[in-house]
Amino acid sequence: MTGKIRMWGILFVLCGILSIVSFAESEDTSSVSYHVEARLVVYDSDAAGDRIVEWFESSGGYFTARHGEYVEGRLPSGLLEGIQERLKGFGEELQEYTLIASDLSEELQRTEASLSSREEVLSRNLELLGGADFSGTLAIEREIRDLISEIESLRARISQLKNNIRFAAVRLNLRSQGHFPDNGKVSSFTWINSLDFYSFMKDEPQKRRFTWLPRFAPVNEGPEGFSVYRDSRLFRAVSPDGVRIRVREVKPEPSMDLSFWRSAVTKYLVESGYEQRGDGIRLGNSGKRGFMLRWLLPYGQEEYVYALAVIPDGNDLCLVETAGKLEAFDMHYTAIEEWVRTAAEGL
C-alpha cells in the first residue's frame, strides 16, 4: 500500500512538470542576446540614477542592481535601436558606448535536446514503475527523483537563456560632474587660502638659485616609487603615473592647536566644494604630530584625489600636499602614508 501511495505521489509531481508548455516551442525565433556598457558624465549621479531606473521599468524592462556609480538593468532588445540618443538625454556627455552581441542558439539547442532526452528517460521509467517489485520500485523512484531535478535545472537554464535573448543587459557607469570647487571662498587665515588643488596641479617647480647647496627642507627623500626634483626650490616628487607631492612650510597667524587647524581646513575645503574621502588619519601618538586628510574632486574628465598633511614644526606648519588620479593615488597610498608618518616623527 505504501508503495502505491509513493508511486501516485511521484506521478502527481510528474504531471505538474509535464503540464508546463515545452520550452522547445517558442514564438521567438531570435537567438541573439545583447549586452550594453556605457559611461555617462552626469551632473548629479543620484538624480540621474533615479531617472534611469524609472526608464527601465516604464519601458517594459526591469532594474537589477545599483551600487556606487553603476546602474544595471534590462531592457527589451527591440529598444536598442536609438538607445545611444536616449542615454545622452540622461547626462552631460556619453563618453563610452559598447554593444556586445552573443549568439545563444547553440547552447539553447543543446539544452533543449538534453531536456527532451531526460524527459524520454523519465517517461520510460514511469512505464517500468507499475510492473516493478518492491526493491525495483525503490531504485526507479530514486532515478525518477534525480531526473526530475535535472529536468527542473534544464528548464531553468532555458528560461534564463530566453530571458537573456528577450531582454538586453544594460550596465551604466555614471560619472558625476558634481559641484566644482569654488576658489572664490576666502578663509580668515592666509595659509588656508593657499590650499588649492587646481593651482597645485598647474604649479611647475621653480629652480633653486644655488642648486649645489643642500635643500633646507623637512624631508629630502620621497616615498617608495617616487622621483625627487633635485633642483626644485620646494621639495617636490612625482611617481611614473603622475601622482605629485609638494612640501612647503607656512607660519600660521595666530598660533592655534592642531584640532583647530583641522576644523578650519575641513570647513574651508567643504564649503569650497571638495568632497571629503574618509575620516582622515592622526599622526603620532593621539594625533600630536599632525593629521592627514583626503578629498575627491573632478579634473578634466577624470576623478582625482587631493591629500593634505599638516605637521607642526616649531612655530611653523609643514604642509605635505599630494594629488593624482584616483586609481594611481590609491595604488601609492600605503607608501605615501608610511612616508608621511615617518616625516612627522622626524620633525
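Draft legend 1. Structural detail: the overall build of the protein. Within the protein, the regular secondary structure consists of 9 helices and 13 strands. The burial tally for the protein puts 41% of its 347 residues in the buried class. Per element, the accessible surface of the protein, about 19,300 Å² overall, is 50% carbon and sulfur.

Draft legend 2. Layout of the sheet that holds strand E1 (residues 32-42). Reading across from one edge, E2-E3-E5-E1-E4 is the order of the 5 strands in this open sheet, with mixed pairing throughout. Edge positions in the open sheet fall to strand E2 (62-67) and strand E4 (93-103), since each of these has one partner strand only. Taking the axes of each pair of neighbouring strands and ignoring which way they run, one obtains an average angle of 15 degrees across the sheet. Relative to strand E5 (residues 167-176), strand E3 (residues 70-76) is paired through 7 bridges, and the arrangement is antiparallel. Bridge pairing in E5 places proline 76 opposite phenylalanine 167.

Draft legend 3. Local environment of the nonpolar core. By size, the foremost hydrophobic cluster in this structure holds 27 residues, and its most contacted members are Trp191, Ile192, Phe197 and Tyr306. Where this core is concerned, the elements lending two or more residues are helix H6 (190-193), helix H7 (197-202), helix H8 (258-271), strand E11 (290-299), strand E12 (302-313) and strand E13 (316-325). By residue number, the principal contributor to this core is H8, which donates 6 residues. In this structure, phenylalanine 197 is in contact with Tyr274, Leu297, Pro298, Tyr299, Tyr304, Val305, Tyr306 and Ala323, ignoring residues within four places of it in sequence. Within the second largest apolar cluster, 25 residues are counted, among which are Phe235, Met292, Cys318 and Leu326.

Draft legend 4. Main features of the side chain of arginine 248. Among the structural elements, arginine 248 can be located in strand E8 (residues 244-250). Judged by its relative accessible area of 14%, arginine 248 is buried. Among the polar contacts listed, one links the side chain of arginine 248 to the side chain of serine 194, at a separation of 3.1 Å. The residues contacting arginine 248, other than those within four sequence positions of it, are Ser194, Leu195, Leu234, Leu317, Cys318, Leu319 and Glu321.

About the criteria used
Residues numbered from 1 in each chain as written. Predicted model: local features only at pLDDT ≥ 70, side-chain atom pairs only at ≥ 80, totals over all residues. Heavy atoms only, no water. Helix = DSSP H or I, 4+ residues; strand = E, 2+ residues; numbered from the N terminus. Buried < 20%, exposed > 50% of the residue type's maximum accessible area, 1.4 Å probe, protein only. Areas by Shrake-Rupley, 256 points an atom, 1.4 Å probe, with all protein chains shown as cover. Pairing = 2+ DSSP bridges. Axes fitted to C-alpha atoms, helices over the stretch in contact; angles between N-to-C directions. Core = buried A, V, L, I, M, F, W, Y, C linked by side-chain atoms within 4.5 Å. Contact = heavy atoms within 4.5 Å. Polar contact = N/O pair within 3.5 Å; in protein donor to acceptor, adjacent residues only side chain to side chain.

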